Each structure stands twice: as structure tokens, then as C-alpha cells.
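Architecture at a glance
Okay, here's what each chain looks like letter by letter:
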Amino acid sequence: MTDTFETEKAQASGWFRQLRDEIVSAFHALEDRQGGDAPAGRMEVRKTSRTSEDGSDAGGGEMSVMRGGRVFEKVGVNISTVYGVLGERAQSAMAARKGIPGMKDDPRFWASGISLVAHMQNPHAPAVHMNTRMFWTPHAWWFGGGADLNPCIEYDEDTAHFHSEMKRACDPHGDTLYDELKDWADRYFYIPHRKRARGVGGIFYDDRNSGDWAADFALTKDVGAAFLPAFVPLADRRRETSWDEADKDVQLRHRGLYAEYNLVYDRGTKFGLETGHDPDAVLMSLPPLAKWY
């Protein structure tokens, strides 16, 4: 595979930035709708950068993080576009998982994506995660992504709504696709040492290369576009629900579960740290407060 995919790379990274802007605008509107004496939260934007071992530019991105908002206790919406040469560990892991030949001969890579994690003030409002990404090497390209809901206090109607929007995103791309990606998410977001899922699921996919780049990109865009209609109505529904210290204790303990998963199992966390990306951006997903017993 010799095509450098420059046009496709630009389309993908441009879409991730556009989606970031739409999400930030919607989250600011949520903050404005919530009453209270505290000022409405706003995202703080910081550029991130990455350098290769020889000191040359290796890409970067932007962190958009809100802390201490009216609705969001902490939420981050990061975009990044990074490139360079994969280290030996990353080469081996990729060759083993994806079965891509030739990685050692030409280990160049390019990756772009958006990653979001929201931790809420109100324990009745669910935490949520979403990411979509594109990865390229001279030997193959693929997409990945998904979204999953992580309530500490579960509501069946919230779970049903979130999954219905994920299904709506998948249905134009295959009658069985939603069921396949839901099952994948159930497996991926399972915490073996706790013998339980970290939330109520969603959809997840990785290594997606059907041979039709445009079709796979269309799916990835639909998954990203489904996030706001899947999540914002739930945040609106629960943001003013009354809660007490017992509810907050449940929330903090659930956040501990979330942190364990992201630090022990999450592939994105491992890849980001191993490839030298800004650790604050990689660990943006961690909650501001958590509790363990």
C-alpha cells in the first residue's frame, strides 16, 4: 500500500475538529440552561504537541476541558493528529492484533481522532464516553470508535434512549451492524477483575477496513453525529434531579471503577502514553474525584 491518503486524512481530521466544535457549543448551552449562583462553565482550550525521539515535529492537538461547571464537574473533548514512527512495542502489538505485514520494514503511522469523557455534577446524570478515530500506515488504514453510557444510578429509559440513537446511527450501514457493535462494546468495556461492565454499554468497533474508505468514514461520521442526540436529552432530564450525600457516594465509587478500567485496560490510554503524546491529554478521561473502599 503506497497511497499516502493525504486527501482522506484531511477529510477525517477536519471532521473530528468540526464535531468537537459542535459538541463544545452544545455543552456550553447545557451550562447556560442550568440555573445557579456559580457562573456557567466554559471550556479551556490548550494546544498539545508531540515530538519524535530526534526532536522533530510529530503532531499534536487541542485539549478542551471544563472543570467545576454547573452541569459538568469535569468534561474533556480532545482532538489530535499525530504521526511519526511506531516504536518496537507498538509495532509488535499492532502486527499481532491486526495481522499487518511489513510494519518493521516501514513503521510510519498517522492517526487522528476525537475523544470525549464527561463526569457530571449530579449523580443522577450519567457519565459518558465517545471517541472516533482514523489510523493510517503505509500498509493499511482503519477506523474505530463508539460511545458508551456510564451511569452510577441507572434509569432504564435513559439506557433505552442512548441505545436507540446508537442503533439509528448504525442501521443505514447494515441490518445487523448495531447488534454486532453492541456486543463488541459489551466485551470491550467489561472489567475482568471486577467481573462486571463499567456501565450500560453502547457501541464499539476497531480495525474497521471494509475496503471502501468512504463507506467506513460515513459510518464513523454517523456514530460521531449520534452522540449529541443520544446524550444531551439525558443530561437535560437529570441535571436538576435532587440528590443527597448517599447518591454522591455511589457516584464517587462508580468513578473509581471507571478509573480502574481506563488505567488498566483502555487501548487508547496505552497507545497515547507509549507513543509519547501529552500525558495530560491522554489522562483527560480520569474523574476529578473518585473513591475506593
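Placed above this text is the structure.
So, here's what we can say about the structure.

Re the environment of H129
Along the chain, H129 falls in strand β5 (residues 127–137). Given a relative accessible area of 7%, H129 falls into the buried group. Along the chain, H129 and K270 lie 141 residues apart, while their C-alpha atoms are 17 Å from each other. A polar side-chain atom of H129 sits 3.0 Å from a polar atom in the side chain of N131.

Description of the environment of A125
With respect to the helices, strands and loops of the structure, A125 is situated in the loop between β4 (108–120) and β5. For A125, a relative accessible area of 5% puts it in the buried group. C-alpha of A125 to C-alpha of K182: the two residues are 57 residues apart in sequence and 22 Å apart in space. Contacts of A125, omitting those with residues within four sequence positions, involve M120 and R238.

Quick notes on the packing of aromatic side chains
In this structure the tally under the stated criterion is 18 aromatic pairs. Relative to F72, the ring of F27 has its centre 4.6 Å away and its plane inclined at 35 degrees; by these criteria the two rings are tilted. With F27 in helix α1 (residues 6–33) and F72 in strand β3 (residues 72–85), this residue pair connects regions lying 45 residues apart in the sequence. The two residues F27 and F72 agree in class, both being buried. Consider the rings of F109 and F135, whose centres lie 5.6 Å apart with planes at 15 degrees: the pair is stacked. Remark: F135 occurs in strand β5 and F109 occurs in strand β4; sequence separation between them is 26 residues. Summarising the burial analysis for this pair, F109 and F135 share the class buried. Through successive ring pairs, a cluster of aromatic residues spans W184, Y188, F189, F204, Y261 and Y265.

A closer look at the packing of α1 against helix α5 (residues 213–225)
Each pair of packed helices can be summarised by the angle the axes make with each other and by the distance between the axes. Where α1 contacts α5, the two axes come as close as 11 Å, and the packing angle between them is 5 degrees. Here α1 is positioned roughly parallel relative to α5, judged by the angle of their axes. Every residue of α5 that contacts α1 at E8, Q11, A12, W15, F16 and L19 is listed here: W213, F217, T220, K221, G224 and A225. Split into classes, the residues belonging to the contact of α1 with α5 amount to seven nonpolar, three polar and two charged.

Conventions adopted
- Residues numbered from 1 in each chain as written.
- Predicted model: local features only at pLDDT ≥ 70, side-chain atom pairs only at ≥ 80, totals over all residues.
- Heavy atoms only, no water.
- Helix = DSSP H or I, 4+ residues; strand = E, 2+ residues; numbered from the N terminus.
- Buried < 20%, exposed > 50% of the residue type's maximum accessible area, 1.4 Å probe, protein only.
- Polar contact = N/O pair within 3.5 Å; in protein donor to acceptor, adjacent residues only side chain to side chain.
- Contact = heavy atoms within 4.5 Å.
- Phe/Tyr/Trp six-rings, centres within 6.5 Å; stacked < 30°, edge-to-face > 60°.
- Axes fitted to C-alpha atoms, helices over the stretch in contact; angles between N-to-C directions.
- Parallel < 35°, antiparallel > 145°, perpendicular 65-115°, else oblique.
- Nonpolar A, V, L, I, M, F, W, Y, C, P; charged D, E, K, R; others polar.

Function cannot be read off these values alone, since they describe shape.
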